[in-house]
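Observations on the three-dimensional arrangement
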Amino acid sequence: MSVSTAAADQSLCTPLPVLGRDVTVPLVTGGEVAYAALDYAASAPALQRVWDDVAAYAPYYGSVHRGAGYLSQLSTDLFENARGTVAEFLGCRAGDQVVFTRSTTDSLNLLARAIPAGCQVFVFETEHHASLLPWQHADVTYLDAPRTPGQAVQILERALADRDPYGPALVCVTGASNVTGELWPVRELAAAAHAHGARIVLDAAQLAPHHPVSVTDLDVDWIAFSGHKLYAPFGSGVLAGRADWLQAAEPYLAGGGASRRVTRREDGGVAVEWHETAARHEAGSPNVIGAYAIAAACKALTEAGWDTLVAREQHLIAKVRAGLAEVPEVRVLSLFGDDAPRVGVLSFVVDGWNSSHFAAALSAEYGIGVRDGLFCAHPLVRTLLGTDPQTQGECGAPEAAPGEKSLNAIRVSFGAGTPDEHVDRFVNAVRELVRDGAKWQYRTEEGRCVPAV
């Protein structure tokens, strides 16, 4: 092996430093082990670089936009520069707005409040609830789950062809499934939407942490994502894209910051002139640290290099898929087939195991944190499991006791901070649990499977 090849392989296998990488957890069988965080799809650990940047700013914390003091002016510059950093990260067009929100859910609810009257909304049943549910007060059409990327485009085109061609329309679609990790044909769906006079919003919560995402390249109208999946702390998100619907809508929240001018009317009421900038939908004191953390994460991922990050993640995906393929009792869930491109998110079921029991054993006996349940994507998981769409279920663990049939699945997810050892331990743990069974007894407590004391 040449020196250059060895260096490239070493670079490929080096995870980005994240918080919690040295945390140890107790095992029910005795001793402690380094915690293997394999639940990135729910919340990725914060990058050490992001945390350091936030800590360096914290002593200079101040109010924004209207303060005359030095720290207020510094914080205002930092907040607005963060907006610019995010716009660059997302490849925004001239005139696009970047609105800071609390999360992807908050972003899509904001847009749902801003759509024009009579807007028709089209959304696949495969969406996370954050992008499936905000449109219930609109004229919404829920589209059946496709089985190929091409079929997704065909289903959307047929639905759009039947719509009122003169009214506004919006398509909402994910970039990468939070259940299967599969990549969706966003560019093709955007072309179909625009060909029929509709706009499109991309739920990039699972895509942005794993792949470069560009409003311009994908030709979407809006992008929504969450900071806590992009290696930033909780409580911040983004809605970025076209300004016109946002400017025309009443503010998502009414209050200071959103208002440009407030006066008393002759009838005793109050007249309000709202801002036309992103501030229109950022009423109240903004989450400056959250916005700064998102910007820091955008910079860190860009500087790390997407080619390297994507290549390393594909290396981990190949390890997980190869390991699970060696266990006949494991069935990996997929819409588009085993060969479909995906990010580091895989869901599976194990013959003879209740999903909550399996996840509990991974945690208690191996120090591995995964997710079990319906992953706030109930229609999709039920479709993948082949269960009755009317069957009751919850986002979290099922009520079934260990050994009983589960309507839920197990999800393993990872990313830029995941070391090879965590993936290797997970694969070995799956193999051992299926072969030998759990070493400990478990019971159901408040809907969750936990080790019996």
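Just above sits the structure.
Presented here is an overview of the structure given in this document. Keep in mind that what you see is a predicted model, and the values were worked out from it rather than measured.

A look at the state of the cysteines
Enumeration according to the criterion identifies zero disulfides in this entry. Free cysteine Cys-119: the closest other cysteine sulfur is in Cys-172, separated by 11 Å. You can see Cys-298 has no disulfide; the closest cysteine sulfur is in Cys-92, sitting 10 Å from it. By relative accessible area, Cys-298 is classed as buried at 1%.

Brief notes about the packing of aromatic side chains
Applying the stated criterion across every chain, the model contains ten aromatic pairs. A network of ring pairs unites the aromatic residues Phe-348, Trp-353, Phe-358 and Phe-426 as a single cluster.

Regarding the packing of helix α2 (residues 48–57) against helix α10 (residues 288–304)
Between α2 and α10, whose axes approach to 9 Å, the crossing angle comes to 140 degrees. Judged by the angle between their axes, α2 and α10 are oblique. Seen from above, α2 lies across α10 with right-handed handedness. Residues Arg-49, Val-50, Asp-53, Val-54 and Tyr-57 of α2 pack against Val-288, Ile-289, Tyr-292, Ala-293, Ala-296, Ala-297, Lys-299, Ala-300 and Glu-303 of α10. Across the contact of α2 with α10, the residue classes tally to ten nonpolar, no polar and four charged.

Overview of the sheet that holds strand β9 (residues 222–226)
The sheet built from seven strands is open, its strands ordered β4-β10-β9-β8-β7-β5-β6 with mixed pairing. Edge strands, defined here as strands with exactly one partner in the open sheet, are β4 (97–101) and β6 (139–143). Mean inter-strand twist for the sheet, computed between neighbouring axes without regard to direction, equals 20 degrees. Pairing of β4 with strand β10 (residues 237–241), which is carried by five bridges, proceeds in the antiparallel orientation. Among the inter-strand pairings, Thr-101 is bridged to a residue of β10, identified as Gly-237. Relative to the sheet, helix α4 (residues 104–114) contacts β4, β7 (169–174), β8 (199–203), β9 and β10, its axis offset from that of β9 by approximately 150 degrees.

Focus: helix α3 (residues 70–89)
Spanning 20 residues, α3 covers 28 Å between terminal C-alpha atoms, matching the ideal 28 Å at 1.5 Å per step. Along α3, the residues that are buried comprise Ser-72, Ser-75, Thr-76, Leu-78, Phe-79, Ala-82, Arg-83, Thr-85, Val-86 and Phe-89. On its buried side, α3 packs onto α2, β4, β9, β10, α10 and α11 (306–325). Looking one or two places after α3, you find Gly-91, whose phi comes out positive at around 60 degrees.

Some details on helix α6 (residues 149–161)
Over its 13 residues, α6 runs 19 Å from end to end, which matches the ideal 18 Å to within 8%, given 1.5 Å per residue. Residues of α6 that are buried: Ala-152, Val-153, Ile-155, Leu-156, Ala-159 and Leu-160. Along the axis of α6, the buried residues cluster in a sector spanning 160 degrees; they form a single face. In α6, the exposed positions angled more than 90 degrees off the buried face are occupied by Arg-158 and Ala-161. Check the buried side of α6 and you find it contacts β5 (120–124), β6, β7 and α7 (186–195).

Topic: the environment of Val-98
Residue position: Val-98 is located in strand β4. What makes Val-98 buried here is its relative accessible area of 4%. Excluding its chain neighbours within four sequence positions, the residues that come into contact with Val-98 are Arg-83, Val-86, Ala-87, Cys-92, Val-238, Leu-239, Ala-240, Ala-278 and Glu-282.

Digging into the sheet that holds strand β16 (residues 371–373)
Here we have four strands laid out as an open sheet, ordered β13-β14-β17-β16, and antiparallel in their pairing. At either end of the open sheet lies a strand with only one pairing partner, and these are β13 (330–332) and β16. Across the sheet, the mean angle from the axis of one strand to that of its neighbour is 30 degrees, orientation sign disregarded. Relative to strand β17 (residues 409–413), strand β14 (residues 345–350) runs antiparallel, the two sharing four bridges. Bridged to Leu-346 within β17 is Val-412.

Digging into unusual backbone geometry
Both trends apply: most residues other than glycine have a negative phi, and most peptide bonds are in trans. Phi at Tyr-231 is positive, roughly 70 degrees, even though this residue is not glycine. In this structure, Tyr-231 sits in the loop between β9 and β10. Take Tyr-231: its relative accessible area is 1%, and that puts it in the buried class.

Brief notes about the environment of Phe-336
Its location among the elements puts Phe-336 in the loop between β13 and β14. Taking the C-alpha atoms as reference points, Phe-336 and Thr-148, 188 residues apart in sequence, are found 4.8 Å from one another. Ignoring anything within four residues of it in the chain, the contact list for Phe-336 reads Pro-146, Arg-147, Thr-148, Pro-149, Glu-182, Leu-183 and Trp-184.

Structural notes on the pattern of salt bridges
If you walk through the whole model with that rule in mind, you get 22 salt bridges. Look at the salt bridges and you will find they share partners, linking Arg-312, Lys-319, Asp-420 and Asp-424 into a network.

Scoring rules and cut-offs
- Residues numbered from 1 in each chain as written.
- Predicted model: local features only at pLDDT ≥ 70, side-chain atom pairs only at ≥ 80, totals over all residues.
- Heavy atoms only, no water.
- Disulfide = S-S within 2.5 Å.
- Buried < 20%, exposed > 50% of the residue type's maximum accessible area, 1.4 Å probe, protein only.
- Phe/Tyr/Trp six-rings, centres within 6.5 Å; stacked < 30°, edge-to-face > 60°.
- Axes fitted to C-alpha atoms, helices over the stretch in contact; angles between N-to-C directions.
- Helix = DSSP H or I, 4+ residues; strand = E, 2+ residues; numbered from the N terminus.
- Parallel < 35°, antiparallel > 145°, perpendicular 65-115°, else oblique.
- Left-handed = near helix turned anticlockwise from the far one by under 90°.
- Contact = heavy atoms within 4.5 Å.
- Nonpolar A, V, L, I, M, F, W, Y, C, P; charged D, E, K, R; others polar.
- Pairing = 2+ DSSP bridges.
- Expected span 1.5 Å × (residues − 1).
- Arc of directions from axis to C-beta.
- Salt bridge = Lys/Arg side-chain N within 4 Å of Asp/Glu carboxyl O.

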